[in-house]
Each structure stands twice: as structure tokens, then as C-alpha cells.
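Residue-level structure breakdown
This is what each chain is made of:
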Amino acid sequence: CYKIAQISKDDNSQLAVCRVLLAELEAHKDAWPFLTPVNHKVILGYRKVIKRPMDFSTIKRKLNNNLYFNLDTFIADVNLVFDNCEKFNEDDSDIGQAGHNMRKFFHELLHLKK
Ligand SMILES: Oc1ccc2c(c1)N[C@H](O)CC2
């Protein structure tokens, strides 16, 4: 019984860490391309090229609906945001640069909290 109690406590603390990490990502000056889903009806080719769209508002909804098993599944979705950005944007574009900046910022956040 203790083991089950221990896992559920960790889940709650891991969930709290995810919420803080997401808030820090959303507050970053370069977060603007990633705050809401890309409108694939407007951006031609996006739906064909990007097989698994992801953005910060979707991650927040998944957090609130308890759809992340642990910190690692949350990290995988954040990295998906930046991987999609690299796939669809040139490195020297404004959005491409924002994606690289945000990935570096997130990586540093994770190493601060470990
Ligand atoms: O010029 C544009 C216009 C729209 C978007 C991008 C670039 N890149 C984003 O990844 C997807 C949305």
C-alpha cells in the first residue's frame, strides 16, 4: 500500500513541476509561435508535413486532463513543439530562431530543476 501511496505522491509533485515548467515557457519573450495550435486550414502544407502538431495550450489542456503519465511524457510533448518548428521553418527565420532559443531555454530549465 505504501508503494502505491508513494507513486501517487510523486505523480502530484511531478505534475506541479510540469505546471511550473510550462508557465516559464509561456512567459518567455520567444514563446509567441508556440502558444496556440497552428491553424492548418490557413498554413498550406502544415497538416501534410507535421504529423503530430503540438503547442503550449494543448500541453496545458493535457496537464489539466491528467493525460501525462509522468515528467518524461510531458518533456516529450514540449520537445515535439520544437521538433515540429525545426521541420517547418528555416533556421535563420524568426520562428526558426525562436524555436532554437526556446529549446535551449527549456533544456537549461530542466537541468536547474534536477
Ligand atoms: O511564415 C509562417 C507562417 C505561419 C507559420 C510559420 C511560418 N511557421 C510555424 O511553424 C507554423 C505557422
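The ligand sits among Val-38, Ile-43, Tyr-46, Phe-88, Asn-89 and Ile-95. Separating a nitrogen atom of the ligand from a side-chain N or O atom of Asn-89 is a distance of 2.7 Å. Protein chains shield 59% of the accessible area of the ligand, which is 310 Å² for the free molecule. Looking at the shell around the ligand residue by residue, the class counts come to five nonpolar, one polar and no charged.

Here Asp-77 shows up in helix H4 (residues 71-88). Asp-77 sits in the buried class, given a relative accessible area of 3%. Those residues within four positions of Asp-77 in sequence are excluded, and the remaining contacts are Arg-52, Met-54, Ile-59, Lys-62 and Tyr-68.

Let us look at unusual backbone geometry. Phi is mostly negative for residues that are not glycine, and the peptide bonds are mostly trans. Of note in the backbone geometry, Asn-66 takes a positive phi value of approximately 60° without being a glycine. As for its position among the elements, Asn-66 is in the loop between helix H3 (56-64) and H4. On the basis of relative accessibility, which here comes to 58%, the residue Asn-66 falls in the exposed class.

What counts as what
- Residues numbered from 1 in each chain as written.
- Predicted model: local features only at pLDDT ≥ 70, side-chain atom pairs only at ≥ 80, totals over all residues.
- Heavy atoms only, no water.
- Near = heavy atom within 4 Å.
- Polar contact = N/O pair within 3.5 Å; in protein donor to acceptor, adjacent residues only side chain to side chain.
- Areas by Shrake-Rupley, 256 points an atom, 1.4 Å probe, with all protein chains shown as cover.
- Nonpolar A, V, L, I, M, F, W, Y, C, P; charged D, E, K, R; others polar.
- Helix = DSSP H or I, 4+ residues; strand = E, 2+ residues; numbered from the N terminus.
- Buried < 20%, exposed > 50% of the residue type's maximum accessible area, 1.4 Å probe, protein only.
- Contact = heavy atoms within 4.5 Å.

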